[in-house]
Structures are given as structure tokens and as C-alpha cells.
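The residues making up each chain are set out below.
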Amino acid sequence: MKTVGIICECNPLHAGHLYLIGKARASGADCILCVMSGPFVQRGEAAIVDAYARAEILVRAGADAVLELPMPYAASSAEFFGSAGVEIVARLGASELWFGSETGETASLLALSELAESDAFLATYRERCASGAGTAEAYFATLSEMSDGHAELSPNDILALSYLRAIRRVGGIVRPVAIKRTGSGYGDRELTEGKYPSATALRLLWEREGLDMCLPHLPTVSHEILQRETLACRAPASLARAERLILGTLRLADAEQLSSFAGLGGGLAGLLLHASRKSESLSELLSRAATKTYTDASVRRAILYAMLGITEKDLRSPVSYVRLLAANEKGCAHLSRIRRETTLPVITRRGDVPRTEAARRQSLIEERALRLYSLMLPRAETEKRLLCHPPTVL
């Protein structure tokens, strides 16, 4: 039986996701497992629609089971996002990991991932960072230099490298399959005629002009669910709706305590404290805090870590359990079978959380994340609906 894993955000699901799922199915995949971000995504933003709605769309679009990539890994750098995602798909029996990349060449990405782990690369990269270059800039520049200029990488390629490094760490039991992305580039802010739209452009259109203007550019399988969530005032979610809470928390924070949270070392804690006291909005805070060293995404992630009390230890801890968000009969059958073989618990309700210290910590972060996310919906609510939501089984 061929089981394919896909790590995704689907924020929102678009034609590129359908293309990847279709290619995996056409390759002979018997079961497609998606590991998807929960309330917050890698760029440190609130997911535009909650995880249960996005998971239901994914299963209707061709996935067999969707499991949550927990906080804090979901809202982290490529290293932790990729490592946790690969750990989950490997422990749940996936034999292949499929992912999109601009390069689309598995062999060349494998070579670059090995280069990125070499002592020579790490020494040059750290030297560039120490001289004032931003981490992303230093990473791209070092890879390009050490590959004789052949590494023209996008953010999706960087994420692919993190998957490949993680696959080596789990013993190479998962075969990587890179699929060349088609259509708009990652982060493109405008819709381009005749091209698959980027998730960024779709979110901006939705937020700016409403869902009805966005629907013609989204897969029809998602329309009914997105309309349902919008009518219920559960979408689109936005970090900006909690800006007073964020500004207030930072303004009243203790500098020493703030610097103890993940991502807030190296002077970012002081920068955020200063920026929060000078800013009247979240957008102003981000523009004041983002620098060559600290990108918008890293600042947003650091803010989330401060709000949720997330430490470096949390990021480096193994995944304790995963939550099932949605599945069909085939996905349920696979998970039922793999439960007898894996050491990674798959839970469907709060009472299933393992009674270990690590699992309790993961559960605490999950609850805090849902409390914060519930304030970012068009109509604020408590975390109870999402915390007690059962998986959708189709």
C-alpha cells in the first residue's frame, strides 16, 4: 500500500493544492495524509479560516485524512516547521513525502540540502549573520555562492530543503518527491490571468473586496464551506483584530522575561518593547520592528511566542500527539491500522491527550493558541467551539 504525506497550510486551498493532490493520486497513492497548520501559519499570521473548515475542504478535494501540525511548529521557521511535519508523516506510515517547489528537481534539492548541513556552509552562514546580514539573506547568499550560483531558490525551495534534512534525521524511511510549482510565485500579491493564483493574492483579495470576489479564483469544492464560515462570522480571521491585546501585552511586558521566549533573543525583545510604546497599530508596530535582520514573518512569530509563552525548548521538543481534523473511510482505516504500529498518538478529543508532561505542555500551548485565535475572528468567541470540535468524517 502506497501512502503519501503532504505538509500544507491551505490558507486557503487553491488550484496548486489540487494539482499536487492529483499528481500524488495519479502516481498510485492508495492513501493521502495531509499534515496541516492549525490556527496559526508559518508566516506568523492567523489562518484565514479555522483548521476544521480547511481540513473538511481538503478531504472533499481528495485527501484521505488531515491531521494538525501543532503549535508552535506550525508558526515557526522552515527548520522546525519541516522537522515536525516530516516527523508526523513518517510516524504515521507515509512512504513518500510530496511537496511543491520552484525547482521541482528532487536530486538537485537533495544535493543542496546536504551542502546546507556541511561545516563549510554553516561557518560561512554564521559569519554572514554575525556581520549584520539577515538570516534569510545569509542563507540564500551562502547557498548560491557555494553551489557556484546554481541555487536560485524560492521560499518553497528553502522549505523543501528543511524536509530533506528532516527525512535524513528520521533515517530516510520516507522518499521525497518534489513537484514543480506552476502558476504565480510564492508571495505574489496580485492575481495573474491564466495562472494558478498564490495564497497571498487570494487572501488579500478576500480581505479587501470580500469572499464573493474571491470565489471565482478558488476551487469550487471550497465554495460552500467558505460561504458557511463567512456567514457565521468565523472568517476571514486576522491578526489585526487582536492588535490592542498585542500592543498592550508588549507595552506592559518585562524586558528580561520577554527575551526568554523563542525568537526574542539578539535584541528583538528590546526592539519590540520600544516599537510597541511608539506604535498605535499592529501594522505600525511591524513596520518599526522589521529590519534587515528581522523579517516581517520572524517578528510576527516572535509576537505569537510572547503572547503564548513559547520557549526554544518547546520548538525543539518532539511532537507528543497529533489531532485528527478530518478523514474519509480510507483515511480512518489507515489510521486505525497504523495506531497499532506507531508510538505517535492520534487523538480526536481533549480527553485523549496522553498523560505525560510533554503532552500536557503541547496541550497547554494548543489551548492558548485557540484562545488567542478566537479573538481574531470577525465575531470574537471563546475557544470552546474549536477545542471541543470533533473530526469531520466523510
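Quantities reported herein were computed from a predicted structural model and do not represent experimental measurements. Starting afresh in each chain, residues are numbered from 1 along the sequence in its written order. The predicted origin of the model limits local features to residues at a pLDDT of at least 70 and limits the giving and counting of side-chain atom pairs to 80 or more, whereas totals for whole chains, interfaces and linings rest on all residues. Side-chain metrics in this entry use all non-hydrogen atoms of the structure; hydrogen atoms and water are not considered.

J.: Any chance you could break down the overall build of the protein for me, citing the residues and the numbers?
T.: For helices the rule is a DSSP run of H or I covering at least 4 residues; for strands it is a run of E covering at least 2, with both sets numbered from the N terminus onward. A count of helical and extended segments in the protein gives 19 helices and 8 strands. Throughout, the radius of gyration refers to the C-alpha atoms, and the reference size of a globule is 2.2 Å times the residue count to the power 0.38. Against the 2.2 N^0.38 benchmark of 21 Å for 394 residues, the protein shows a C-alpha radius of gyration of 20 Å, consistent with a compact globule. Along the first, second and third principal axes, the C-alpha atoms of the protein reach 55 × 50 × 50 Å. Taking all 394 residues of the protein together, the buried fraction comes to 54%. Restricting to contacts in the protein with at least 6 residues of sequence separation, those with at least 24 account for 75%. Relative accessible area decides the class of each residue, using a 1.4 Å probe on protein chains only: under 20% of the type maximum gives buried, over 50% gives exposed, and in between gives partly exposed. Note on contacts: a residue pair is in contact if any heavy atoms of the two residues lie within 4.5 Å.

J.: Before we move on, can you summarise the nonpolar core with the specific residues and values?
T.: Membership of the largest hydrophobic core comes to 84 residues, with the highest contact counts inside it found for Phe40, Leu58 and Leu272. If near-sequence neighbours (up to four positions away) are discounted, Phe40 is found in contact with Glu45, Ala46, Ala47, Met71, Ala74, Ala75, Leu239, Leu304, Ala369, Leu372, Tyr373 and Met376. Remark: nonpolar core denotes a set of buried residues (Ala, Val, Leu, Ile, Met, Phe, Trp, Tyr, Cys) joined through side-chain atoms within 4.5 Å. Counting 47 residues, the second largest nonpolar core, distinct from the first, contains Ala84, Ala90, Tyr139 and Leu159.

J.: Which residues make up the pattern of salt bridges, and what values go with them?
T.: When a carboxyl oxygen of Asp or Glu lies within 4 Å of a side-chain nitrogen of Lys or Arg, that pair is called a salt bridge. For the structure shown, the criterion picks out 23 salt bridges. A salt bridge links Glu117 to Arg168; the nearest nitrogen and oxygen atoms lie 2.9 Å apart. Here Arg168 lies in helix H7 (residues 155-169) and Glu117 lies in the loop between helix H4 (106-115) and helix H5 (119-130), a separation of 51 residues in the sequence. By relative accessible area, Arg168 is classed as partly exposed at 31%. Notably, a salt bridge pairs Glu366 with Arg323, separated by 2.9 Å at the nearest N-O pair. Within this pair, whereas Glu366 is found in helix H18 (residues 357-374), its partner Arg323 is found in strand S6 (residues 322-327), the two being separated by 43 residues in sequence. Several salt bridges share partner residues, and in doing so they unite Glu56, Arg60, Arg228, Glu229 and Arg234 into one network.

J.: Lay out the packing of aromatic side chains with the relevant residues and their values.
T.: Stacked, tilted and edge-to-face pairs are distinguished by plane angle, under 30 degrees for stacked and over 60 for edge-to-face with tilted covering the rest, among Phe, Tyr and Trp rings (Trp via its six-membered ring) whose centres lie within 6.5 Å. If you walk through the whole model with that rule in mind, you get 3 aromatic pairs. For the ring pair Phe40 and Tyr373, a centre distance of 5.9 Å and an interplane angle of 90° mean the geometry is edge-to-face. Of this pair, Phe40 sits in the loop between strand S2 (31-37) and helix H2 (51-60) while Tyr373 sits in helix H18, and the two are 333 residues apart along the sequence. Accessibility assignment for this pair places Phe40 and Tyr373 in one class, buried.

J.: Describe the pairing of strand S3 (residues 65-69), with residues and values.
T.: The element S3 is largely enclosed, with a buried count of 5 among its 5 residues. Direction of pairing for S2 relative to S3: parallel, over a ladder of 5 bridges. For Val35, the partnering residue across the bridge sits in S3 and is Leu67. A clockwise course of the path from the first strand over the helix to the second, judged with the strands pointing away from the viewer, identifies a crossover as right-handed. Since S2 and S3 lie parallel, the crossover through H2 that links them has a hand, and here it is right-handed. Strand pairing follows a simple DSSP-based rule, namely that at least 2 bridges must link the two strands. Sheet topology note: the S3/S6 ladder contains 3 bridges and is antiparallel. Of the residues in S6, the one forming a bridge with Ala65 is Ala327.

J.: So what's going on with the environment of Ala326? Residues and values would help.
T.: Secondary-structure assignment places Ala326 in strand S6. Assessed through its relative accessible area of 1%, Ala326 is described here as buried. Taking the C-alpha atoms as reference points, Ala326 and Thr348, 22 residues apart in sequence, are found 9.6 Å from one another. Once residues within four sequence positions are removed from consideration, Ala326 is found in contact with Ala55, Glu56, Val59, Ala65, Val66, Pro391 and Thr392.

J.: Give me the lowdown on H5, citing residues and values where you can.
T.: Given the number of residues in a helix, its expected span is that number minus one, multiplied by 1.5 Å. Here H5 contains 12 residues, and its C-alpha end-to-end distance of 16 Å stays within 8% of the 16 Å for a straight helix at 1.5 Å per residue. At the C-terminal side of H5, Gly132 shows a positive phi close to 115°.

J.: Can you break down the pairing of strand S1 (residues 3-8) residue by residue, with the values?
T.: Side-chain direction in a regular strand flips from residue to residue, so the side chains alternate between the two faces of the sheet. Burial within S1 is extensive, with 6 of its 6 residues counted as buried. With burial as the criterion, each face of S1 is covered, one bearing Thr3, Gly5 and Ile7 and the other bearing Val4, Ile6 and Cys8. Where S1 and S2 come together, 6 bridges link them in parallel fashion. Opposite Ile7, over in S2, you have Val35 as the bridge partner. As for the winding sense of the linkage, the β-α-β connection from S1 through helix H1 (residues 15-26) to S2 is right-handed. Pairing of S1 with strand S4 (residues 96-101), which is carried by 3 bridges, proceeds in the parallel orientation. Bridging across to S4, Val4 finds its partner in Glu96.

J.: Go over unusual backbone geometry, please, and point to the residues and values.
T.: Note that the residue after Asn11, namely Pro12, is joined by a cis bond; omega there is 5°. With respect to the element layout, Pro12 can be found in the loop between S1 and H1. Notably, Cys10 is not glycine yet its phi reads approximately 50°, a positive angle. Summarising the element assignment, Cys10 is placed in the loop between S1 and H1. The backbone of Cys233 shows a phi angle near 60°, a positive value even though the residue is not glycine.

J.: Let's hear about the environment of Cys31: which residues, and what values?
T.: Inspection of the secondary structure assignment puts Cys31 in strand S2. A C-alpha to C-alpha distance of 31 Å links Cys31 and Tyr373, two positions 342 residues apart in sequence. Setting aside residues up to four positions removed in sequence, Cys31 forms contacts with Met1, Lys2, Thr3, Val4, Arg25, Asp64, Lys330, Gly331 and His334.

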